[in-house]
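This is what each chain is made of:
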6 protein chains.
Amino acid sequence: MTGPIVVINPNSNVMVTEGLDAVLELFRLPGGPVIECLTLAGGPFGIESQLDSDSVILPLAQLIESRRDAGAFVIACYSDPGIDTCRSVTRRPVFGIQESGVLSAMARADQFGVLAITEGSIARHRRFMARMGVLGRLAGEIALNISVAESARGDDAFAKLVEVGQELKTRGAGVVILGCAGMARHRAGLETELGVPVIDPTQAAVAMAMGTLLAG
Amino acid sequence: MTGPIVVINPNSNVMVTEGLDAVLELFRLPGGPVIECLTLAGGPFGIESQLDSDSVILPLAQLIESRRDAGAFVIACYSDPGIDTCRSVTRRPVFGIQESGVLSAMARADQFGVLAITEGSIARHRRFMARMGVLGRLAGEIALNISVAESARGDDAFAKLVEVGQELKTRGAGVVILGCAGMARHRAGLETELGVPVIDPTQAAVAMAMGTLLAG
Amino acid sequence: MTGPIVVINPNSNVMVTEGLDAVLELFRLPGGPVIECLTLAGGPFGIESQLDSDSVILPLAQLIESRRDAGAFVIACYSDPGIDTCRSVTRRPVFGIQESGVLSAMARADQFGVLAITEGSIARHRRFMARMGVLGRLAGEIALNISVAESARGDDAFAKLVEVGQELKTRGAGVVILGCAGMARHRAGLETELGVPVIDPTQAAVAMAMGTLLAG
Amino acid sequence: MTGPIVVINPNSNVMVTEGLDAVLELFRLPGGPVIECLTLAGGPFGIESQLDSDSVILPLAQLIESRRDAGAFVIACYSDPGIDTCRSVTRRPVFGIQESGVLSAMARADQFGVLAITEGSIARHRRFMARMGVLGRLAGEIALNISVAESARGDDAFAKLVEVGQELKTRGAGVVILGCAGMARHRAGLETELGVPVIDPTQAAVAMAMGTLLAG
Amino acid sequence: MTGPIVVINPNSNVMVTEGLDAVLELFRLPGGPVIECLTLAGGPFGIESQLDSDSVILPLAQLIESRRDAGAFVIACYSDPGIDTCRSVTRRPVFGIQESGVLSAMARADQFGVLAITEGSIARHRRFMARMGVLGRLAGEIALNISVAESARGDDAFAKLVEVGQELKTRGAGVVILGCAGMARHRAGLETELGVPVIDPTQAAVAMAMGTLLAG
Amino acid sequence: MTGPIVVINPNSNVMVTEGLDAVLELFRLPGGPVIECLTLAGGPFGIESQLDSDSVILPLAQLIESRRDAGAFVIACYSDPGIDTCRSVTRRPVFGIQESGVLSAMARADQFGVLAITEGSIARHRRFMARMGVLGRLAGEIALNISVAESARGDDAFAKLVEVGQELKTRGAGVVILGCAGMARHRAGLETELGVPVIDPTQAAVAMAMGTLLAG
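Source: prediction; values computed, not measured. (Residues numbered from 1 in each chain as written. Chains lettered and ligands numbered in written order. Predicted model: local features only at pLDDT ≥ 70, side-chain atom pairs only at ≥ 80, totals over all residues. Heavy atoms only, no water.)

### Comments concerning the overall build of chain A
Turning to step 1, where the next piece is worked out: Of the regular secondary structure elements, chain A holds 10 helices and eight strands.
Turning to step 2, where the next piece is worked out: In terms of overall dimensions, chain A is globule-like: its C-alpha atoms have a radius of gyration of 16 Å, near the 17 Å expected for 216 residues.
Turning to step 3, where the next piece is worked out: Taken along the three principal axes of its C-alpha coordinates, chain A extends 45 × 35 × 35 Å.
Turning to step 4, where the next piece is worked out: Within chain A, the fraction of its 216 residues that count as buried is 64%.
Turning to step 5, where the next piece is worked out: Of all intrachain contacts in chain A linking residues separated by at least 6 positions in sequence, the fraction that spans at least 24 positions is 70%.
Turning to step 6, where the next piece is worked out: Summed over its atoms, the accessible surface of chain A is roughly 7400 Å², and 53% of this surface lies on carbon and sulfur atoms.
Turning to step 7, where the next piece is worked out: Here chain A holds 18 positive side-chain charges and 23 negative ones, and the gap between their average locations is 6 Å. (Helix = DSSP H or I, 4+ residues; strand = E, 2+ residues; numbered from the N terminus. Rg over C-alpha atoms; globule rule 2.2 N^0.38 Å. Buried < 20%, exposed > 50% of the residue type's maximum accessible area, 1.4 Å probe, protein only. Contact = heavy atoms within 4.5 Å. Areas by Shrake-Rupley, 256 points an atom, 1.4 Å probe, with all protein chains shown as cover. Lys, Arg positive; Asp, Glu negative; His and termini not counted. Charge placed at Lys NZ, Arg CZ, Asp CG, Glu CD.)

### Observations concerning the arrangement of the chains
Turning to step 1, where the next piece is worked out: Chain D makes no contact with chain A, the minimum C-alpha separation between the two being 14 Å.
Turning to step 2, where the next piece is worked out: When C-alpha atoms are compared, chain C and chain F, though not in contact, are closest at a spacing of 14 Å.

### Remarks on helix H10 (residues 201-214) of chain F
Residues and elements named next belong to chain F.
Turning to step 1, where the next piece is worked out: With 14 residues, H10 should reach 20 Å at 1.5 Å per residue; the first-to-last C-alpha distance of 20 Å fits that figure.
Turning to step 2, where the next piece is worked out: Most of H10 sits inside the fold, with 13 of its 14 residues counted as buried.
Turning to step 3, where the next piece is worked out: Where H10 ends, the next residue or the one after it, Gly 216, has phi of about 85°, a positive value. (Expected span 1.5 Å × (residues − 1).)

### What about the side chain of Arg187(E)?
Turning to step 1, where the next piece is worked out: Summarising the element assignment, Arg187(E) is placed in helix H9 (residues 187-194).
Turning to step 2, where the next piece is worked out: Looking at Arg187(E), its side chain comes within polar contact range of the side chain of Glu191(E), at 2.7 Å.
Turning to step 3, where the next piece is worked out: The residues contacting Arg187(E), other than those within four sequence positions of it, are Leu178(E), Val198(E), Ile199(E), Asp200(E), Gln203(E), Ala215(F) and Gly216(F). (Polar contact = N/O pair within 3.5 Å; in protein donor to acceptor, adjacent residues only side chain to side chain.)

### A closer look at helix H8 (residues 155-170) of chain E
Residue and element names in this part refer to chain E.
Turning to step 1, where the next piece is worked out: Compared with an ideal rise of 1.5 Å per residue, which puts 16 residues at 22 Å, H8 spans 23 Å between its outermost C-alpha atoms and is within 8% of the ideal.
Turning to step 2, where the next piece is worked out: Looking at H8, one finds that the buried residues are Ala 157, Leu 161, Val 162, Val 164, Gly 165 and Leu 168.
Turning to step 3, where the next piece is worked out: Phi for Gly 172, located one or two positions after H8, is positive at around 115°.

### Focus: the sheet that holds strand E8 (residues 198-199) of chain B
Residues and elements named next belong to chain B.
Turning to step 1, where the next piece is worked out: The strand order E6-E5-E7-E8 describes an open sheet built from four strands, whose pairing is parallel. Unpaired on one side and paired on the other, strand E6 (138-143) and E8 mark the two borders of the sheet.
Turning to step 2, where the next piece is worked out: As judged from the two bridges shared by strand E7 (residues 175-179) and E8, these two strands associate in the parallel manner. Bridge pairing in E8 links Val 176 to Val 198.
Turning to step 3, where the next piece is worked out: Helix H6 (residues 119-132) contacts strand E5 (112-116), E6 and E7 of the sheet and is inclined by roughly 155° relative to E6. (Pairing = 2+ DSSP bridges. Axes fitted to C-alpha atoms, helices over the stretch in contact; angles between N-to-C directions.)

### A closer look at the relation of the copies chain C and chain B
One copy of the chain maps onto the other through a rotation about an axis plus a displacement along that axis.
Turning to step 1, where the next piece is worked out: You can overlay chain C on chain B at an RMSD of 0.0 Å; the transform is a turn of 180° with a shift of 0.0 Å along its axis. On this basis, the relationship between the two copies can be described by a two-fold rotation axis. Nearest to the rotation axis, the C-alpha of Arg131(C) is located 1.9 Å from it, this being the minimum over chain C.
Turning to step 2, where the next piece is worked out: Counting the interface residues of chain C, we find that 100% of their copies in chain B are interface residues as well, pointing to one common contact surface. (Least-squares fit on C-alpha atoms with pLDDT ≥ 70 in both.)

### Description of unusual backbone geometry
Residues and elements named next belong to chain D.
Turning to step 1, where the next piece is worked out: Of note, the phi angle at Asp 80 is positive, near 45°, even though the residue is not glycine.
Turning to step 2, where the next piece is worked out: Structurally, Asp 80 can be placed in the loop between strand E3 (72-75) and helix H4 (83-88).
Turning to step 3, where the next piece is worked out: Using a relative accessible area of 3% as the deciding quantity, one classes Asp 80 as buried.

### With respect to the sheet that holds strand E2 (residues 35-39) of chain B
All names here are of chain B.
Turning to step 1, where the next piece is worked out: Spatial ordering of the open sheet is given by E2-E1-E3-E4, a layout of four strands whose pairing is parallel. The open sheet has two free edges, formed respectively by E2 and strand E4 (94-96), since each of these has just one partner strand. Recorded for the sheet is a direction-independent mean angle of 20° between the axes of neighbouring strands.
Turning to step 2, where the next piece is worked out: Sheet topology note: the strand E3 (residues 72-75)/E4 ladder contains three bridges and is parallel. Of the residues in E4, the one forming a bridge with Val 74 is Phe 95.
Turning to step 3, where the next piece is worked out: Where helix H5 (residues 97-105) meets the sheet, its contacts fall on E3 and E4, and the angle it forms with E4 comes to roughly 75°.
Turning to step 4, where the next piece is worked out: Packing against the sheet, helix H10 (residues 201-214) makes contact with strand E1 (5-9), E2, E3 and E4, and its axis sits at approximately 155° to E1.

### Concerning the pattern of salt bridges
Note on pairing: side chains with opposite charge can pair once their charged atoms come close.
Turning to step 1, where the next piece is worked out: This structure, assessed with the given rule, holds 66 salt bridges over all chains.
Turning to step 2, where the next piece is worked out: Arg67(A) is the salt-bridge partner of Glu36(A), the closest N and O atoms lying 2.7 Å from each other. Placement of Glu36(A) in strand E2 (residues 35-39) and of Arg67(A) in the loop between helix H3 (57-66) and strand E3 (72-75) is noted, with a sequence separation of 31 residues between them.
Turning to step 3, where the next piece is worked out: Among the salt bridges present, the one from Arg127(A) reaches Asp110(E), with a minimum N-O distance of 3.1 Å. Of the two residues, Arg127(A) sits in helix H6 (residues 119-132) while Asp110(E) sits in the loop between helix H5 (97-105) and strand E5 (112-116), which places them in two different chains.
Turning to step 4, where the next piece is worked out: Using a relative accessible area of 15% as the deciding quantity, one classes Arg127(A) as buried.
Turning to step 5, where the next piece is worked out: With a relative accessible area of 24%, Asp110(E) lands in the partly exposed category.
Turning to step 6, where the next piece is worked out: Where salt bridges share partners, they join Asp84(A), Arg131(A), Asp110(B) and Arg127(F) into one cluster. (Salt bridge = Lys/Arg side-chain N within 4 Å of Asp/Glu carboxyl O.)

### Regarding the interface of chain C and chain B
Turning to step 1, where the next piece is worked out: Contact with chain C, which involves 14 residues of that partner, is made by 14 residues of chain B.
Turning to step 2, where the next piece is worked out: Area buried by chain C at its contact with chain B is led by Leu51(C), Arg127(C) and Arg131(C), which between them contribute 34% of it.
Turning to step 3, where the next piece is worked out: Our count for the contact surface shared by chain C and chain B stands at two salt bridges.
Turning to step 4, where the next piece is worked out: A salt bridge links Asp84(B) to Arg127(C); the nearest nitrogen and oxygen atoms lie 3.3 Å apart.
Turning to step 5, where the next piece is worked out: Where chain C touches chain B, the interface holds six residue pairs in polar contact (both at pLDDT 80 or more).
Turning to step 6, where the next piece is worked out: Elements with a minimum of two residues in the side of chain C that touches chain B: helix H2 (50-55), helix H3 (57-66), helix H4 (83-88) and helix H6 (119-132) of chain C. (Buried area = accessible area lost by both parts, 1.4 Å probe.)

### Examining the interface of chain A and chain B
Turning to step 1, where the next piece is worked out: Listed as interface residues are 33 residues of chain A and, on the opposing side, 33 residues of chain B.
Turning to step 2, where the next piece is worked out: Carbon and sulfur atoms make up 59% of the surface buried where chain A meets chain B, a total of about 2600 Å² over both sides.
Turning to step 3, where the next piece is worked out: Across the contact surface, chain A and chain B share eight residue pairs in polar contact (both at pLDDT 80 or more).
Turning to step 4, where the next piece is worked out: Within the residue set of the side of chain A that touches chain B, elements represented by two or more residues are strand E4 (94-96), helix H5 (97-105), H6, helix H9 (187-194) and helix H10 (201-214) of chain A.

### Focus on the pairing of strand E3 (residues 72-75) of chain E
Residue and element names in this part refer to chain E.
Turning to step 1, where the next piece is worked out: Both faces of E3 are covered, namely the face carrying Ala 72 and Val 74 and the face carrying Phe 73 and Ile 75.
Turning to step 2, where the next piece is worked out: The pairing of strand E1 (residues 5-9) with E3 spans four bridges and is classified as parallel. Counted as the bridge partner of Val 7 is Val 74 from E3.
Turning to step 3, where the next piece is worked out: In this fold, the crossover linking E3 to strand E4 (residues 94-96) by way of helix H4 (residues 83-88) has right-handed handedness. (Right-handed = clockwise from strand over helix to strand, strands pointing away.)

### Re the state of the cysteines
Turning to step 1, where the next piece is worked out: Within this structure, the stated rule accounts for zero disulfides over all chains.
Turning to step 2, where the next piece is worked out: The thiol of Cys37(D) is not disulfide-bonded; the next cysteine sulfur, from Cys77(D), is found 15 Å away. (Disulfide = S-S within 2.5 Å.)

### What about the environment of Ala205(C)?
Turning to step 1, where the next piece is worked out: Mapped onto the elements of the fold, Ala205(C) is located in helix H10 (residues 201-214).
Turning to step 2, where the next piece is worked out: Discounting chain neighbours no more than four positions away, the residues touching Ala205(C) are Val74(C), Phe95(C), Gly96(C), Ile97(C) and Ser100(C).

### With respect to the confidence of the model for chain A
Turning to step 1, where the next piece is worked out: Residue-level pLDDT values for chain A average 94, and 97% of them are 70 or greater.
Turning to step 2, where the next piece is worked out: Complex prediction metrics read pTM 0.96 and ipTM 0.96. (pLDDT = per-residue confidence, 0-100.)

### Structural notes on the side chain of Asn11(D)
Residues and elements named next belong to chain D.
Turning to step 1, where the next piece is worked out: Structurally, the position occupied by Asn 11 is in the loop between strand E1 (5-9) and helix H1 (14-23).
Turning to step 2, where the next piece is worked out: Polar contacts involving the side chain of Asn 11 include one to the side chain of Asn 9, which spans 3.0 Å.
Turning to step 3, where the next piece is worked out: Those residues in contact with Asn 11 that lie beyond four places of it in its chain are Val 16, Thr 39, Leu 40, Pro 44, Phe 45, Gly 46 and Ile 47.

Shown next as structure tokens:
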């Protein structure tokens with residue numbers, strides 16, 4: 001068996017890392033890949049701007065380069081910061097959660113929708129989808145306009161997720177992606193409420209990483 | 001835990017099903033989803049034409065409808081026969097191996113190449129990639145022009161795979177997809193030889209299916 | 001002179017076939033191709049789902065294969081069921097009415113709109129237009145949300161057609177396609193009302209078929 | 001019955017008009033639309049440059065405006081000169097032969113090839129196909145590099161057509177368009193030789209025009 | 001130093017030419033290219049239709065051919081009339097203002113919006129952007145529905161510009177193009193009001209022309 | 001008059017900066033914008049990898065943020081490092097030379113070609129063009145496979161440029177972009193040799209920057 005799947009939370013908010021760790025618990029199977037969740041030391045507390053996103057590239061690359069024991073890497077931020085540099089410093093596969101989330105959504109419906117946390121992140125995500133060549137499959141991306149902290153919390157956030165998810169369905173989305181690493185706890189409930197698949201992008205990336213490690 | 005991943009070989013060649021079963025052995029983890037490989041009774045011995053491909057749609061749909069215990073389905077033929085109808089008769093996720101293979105390849109490199117078995121299948125695959133909206137990421141699809149039987153066998157097939165894989169790299173492919181359910185035994189060797197990731201599409205589909213079942 | 005244009009209604013509703021026959025009467029010219037309208041025995045009464053659409057592929061292919069006397073074929077259902085398989089079993093040209101309708105509309109205006117009968121058919125049509133690579137020319141497709149039977153009837157249906165047609169114009173459509181084989185009787189009236197060309201897709205397909213047969 | 005289909009040869013070479021007239025003879029059916037072939041007085045002897053093409057726009061528009069009796073118009077030059085202006089000066093449909101040829105080819109195969117007369121016309125055609133949004137379906141356009149006069153003549157031209165047609169097939173073309181109004185006499189022979197459909201664009205445009213007039 | 005930048009107003013409204021001349025005053029630098037603004041003798045008073053646009057092609061080409069002393073040309077009408085023919089009759093660079101405006105906007109934001117004068121020009125502009133292959137970057141084009149004369153005047157026009165500019169921003173535009181040669185005097189004020197870059201297309205074209213002349 | 005155009009060479013090779021300075025001399029006009037060329041302290045000696053490219057983002061952003069007097073910025077590296085972050089830290093326009101070079105080329109011909117220094121940079125450039133949505137206009141990008149140092153030197157480099165430029169023309173390029181900040185001295189000679197426009201991307205960016213500053 002090759003090394004662990006190293007999931008890196010590029011912000012320095014340890015609670016986000018713990019949330020990822022909890023969400024990925026079900027992916028830890030006896031005999032399967034070890035899944036390790038790390039907090040990037042020195043990252044910003046949250047990645048909310050392009051500068052935040054680019055500021056973590058070098059530390060991410062260093063961390064990845066230092067983990068020669070790893071089997072695969074997941075960068076657990078929906079901006080996929082440094083994905084190209086990270087890939088260039090290791091021979092192991094590196095998965096970004098936006099890329100993985102979008103690709104996994106494309107296996108579930110013709111048009112996908114994205115729930116963004118903030119208005120400001122949409123242009124950044126859109127540039128990445130343009131580069132992927134998949135804008136033709138995007139039904140829409142809509143911001144919740146709540147804070148990352150609020151997004152992880154309870155009922156108010158959920159009601160907002162349902163409201164925006166319904167609007168995405170109206171625009172044609174047959175599947176909805178949670179556009180942030182920290183909304184996973186709402187996935188199953190939202191899927192039930194909306195009646196269409198809801199993708200947690202970190203889980204999507206870890207599933208792809210498992211696929212490469214189990215392939216033999 | 002939800003039900004098994006039901007992998008359906010839509011042709012009636014039991015040896016192909018046994019090959020799939022062997023390839024997927026490493027994806028069977030204690031506590032993880034059960035992976036069941038079935039042969040579609042009454043399918044053609046091989047799916048080599050559009051008619052072969054369309055001829056299995058109704059039996060596939062019936063089989064899928066009858067397996068209400070399943071957690072997810074994988075249609076293990078690179079033509080993704082009946083993918084839309086299969087999806088319409090179940091609420092469980094259905095993965096086609098072409099779609100899953102292409103999407104998984106898109107997480108590994110900007111441009112992907114496809115190794116087809118026969119010349120005749122390329123137009124069929126191309127129509128499906130057009131529908132997916134991903135032709136802009138295709139570096140090329142080249143036929144081995146060997147029989148399905150030959151493709152599963154030994155060294156001659158492998159030499160041919162390496163030769164065509166090299167040509168795909170020359171055309172810009174940073175990742176190569178095995179364009180048939182029956183070439184999986186060559187995956188690891190070909191990856192080593194070519195120095196770029198090689199995707200077995202059935203494994204890619206099963207990894208995506210596992211992802212949906214483990215998501216909780 | 002080569003053989004007849006065989007127009008196949010793939011549902012078993014004989015009244016639809018008779019409607020097609022009436023609509024095509026004006027295309028029957030002395031010395032021109034014979035136009036024959038057939039009902040596919042054993043088809044569903046209406047094609048309203050992907051399963052309905054796929055269920056007629058094999059019977060269609062058999063019928064087409066058996067008519068070696070034909071000069072060309074038209075599959076008169078807007079889902080273009082089995083178009084690829086039908087093309088693979090004959091050397092004669094096979095025209096699908098969605099494909100022909102869309103292509104003919106593209107000769108009339110930069111952006112086209114489609115009047116669908118039901119909401120449920122839009123995703124299916126969209127997949128086909130994606131495969132054609134023409135989604136960039138689509139102004140919109142909107143469902144009338146009436147039954148096929150209602151669509152063929154009188155004034156209420158017409159008022160609804162005008163309303164939805166106006167909305168398509170508002171979205172940029174310079175030409176409107178009737179997205180069903182059974183709305184032809186409204187074509188001329190709707191064209192007058194909307195002030196833009198209205199395409200009956202069966203007529204469009206038959207015109208293309210005539211073109212191939214008259215080419216000599 | 002509405003008025004005639006007015007086919008306008010925008011160059012002043014009467015022999016080209018006579019050639020068109022002959023090619024369209026088979027489309028003249030009792031009770032069907034009258035097909036009239038005109039030479040544009042004052043056009044250049046051949047349309048070989050962008051300037052030639054644009055120089056005929058105003059005379060074409062004038063001619064079209066003056067023919068209020070017409071049922072439809074066909075501009076019989078593969079550069080589709082003045083297509084937008086011509087459409088703006090009449091309420092009757094106006095068909096360009098490049099546009100009609102390409103759209104008709106798209107009903108016959110996934111990828112089409114074009115046989116151009118001269119190297120210099122390819123960029124002009126490509127701009128038009130870009131505007132149509134169909135470059136993704138183009139397998140290739142290759143110049144014969146013979147004169148318009150030679151293209152209409154005998155065996156040498158035919159051998160060249162076959163050679164370039166074969167090359168287009170090698171590049172993936174499943175249908176071939178004659179990229180000039182003057183090559184129609186080779187259509188049937190070339191189709192037999194290549195084993196794929198060959199489209200004469202003037203015939204394609206006239207078939208579409210007939211379709212609009214017969215629709216009722 | 002090569003010859004002047006010849007800016008041609010293809011309509012015969014001398015006041016428009018004088019407006020261009022004023023707007024370009026700031027681009028006239030000692031030692032830099034001379035910028036000359038001409039009125040096309042015999043052009044229509046305004047270019048409001050496709051026919052108007054095409055009617056100036058030959059005179060434009062003649063004027064350009066006659067100015068062998070020029071260093072570069074700018075066609076100062078947002079329909080970019082005759083751009084291809086103009087390029088074919090000179091070895092000097094020819095810039096269209098729509099093309100230059102759109103390309104310059106693409107250097108400022110991911111999505112651009114266009115303020116058109118009249119509804120009727122939008123389809124013409126859209127065809128040109130389709131040909132450029134940039135429709136994927138267009139957030140929207142909206143008509144002011146005022147006359148060219150009004151657009152050049154005072155406060156009412158400005159209020160309308162702001163209103164439509166805000167709507168373009170709502171649709172995602174991060175930069176706004178003035179879709180007419182005559183609105184330049186509002187550029188700076190509108191930029192301040194909207195808070196996003198506003199592009200005057202004539203200035204954009206002249207900047208590109210200067211770039212080619214200064215390159216050495 | 002607003003502040004200077006600050007052209008930043010993000011590598012620490014002062015000779016490259018001096019080369020830029022020389023190339024831009026002709027753009028310095030009395031009364032026009034001041035053009036200042038800076039070397040980014042602490043950048044790598046050359047930007048040859050994705051890591052090199054990403055390593056300069058934060059220092060670039062800092063430098064830009066500190067120059068509040070500037071009128072516009074040009075990032076003079078063909079990888080356009082940090083373009084998004086740089087734009088987010090200033091209200092002044094920021095031009096990347098790849099983006100500006102490509103957009104300027106699109107004003108000169110339908111298809112452009114790119115002369116890259118090294119094979120390894122092509123994928124990076126391609127991702128950027130994908131994001132721009134302009135891959136459909138790319139005729140090809142071919143590597144000279146010489147060092148940056150060699151590219152700036154004499155006759156051997158020039159012969160290689162001509163050879164690769166000819167190949168780009170063969171693939172359809174009607175304009176050629178020098179895909180590196182350091183090849184400008186060959187621009188004019190190569191343009192003469194190839195007979196098509198050759199774009200130096202730094203000059204293209206500076207021309208666009210001048211355009212924004214002169215607009216008033």
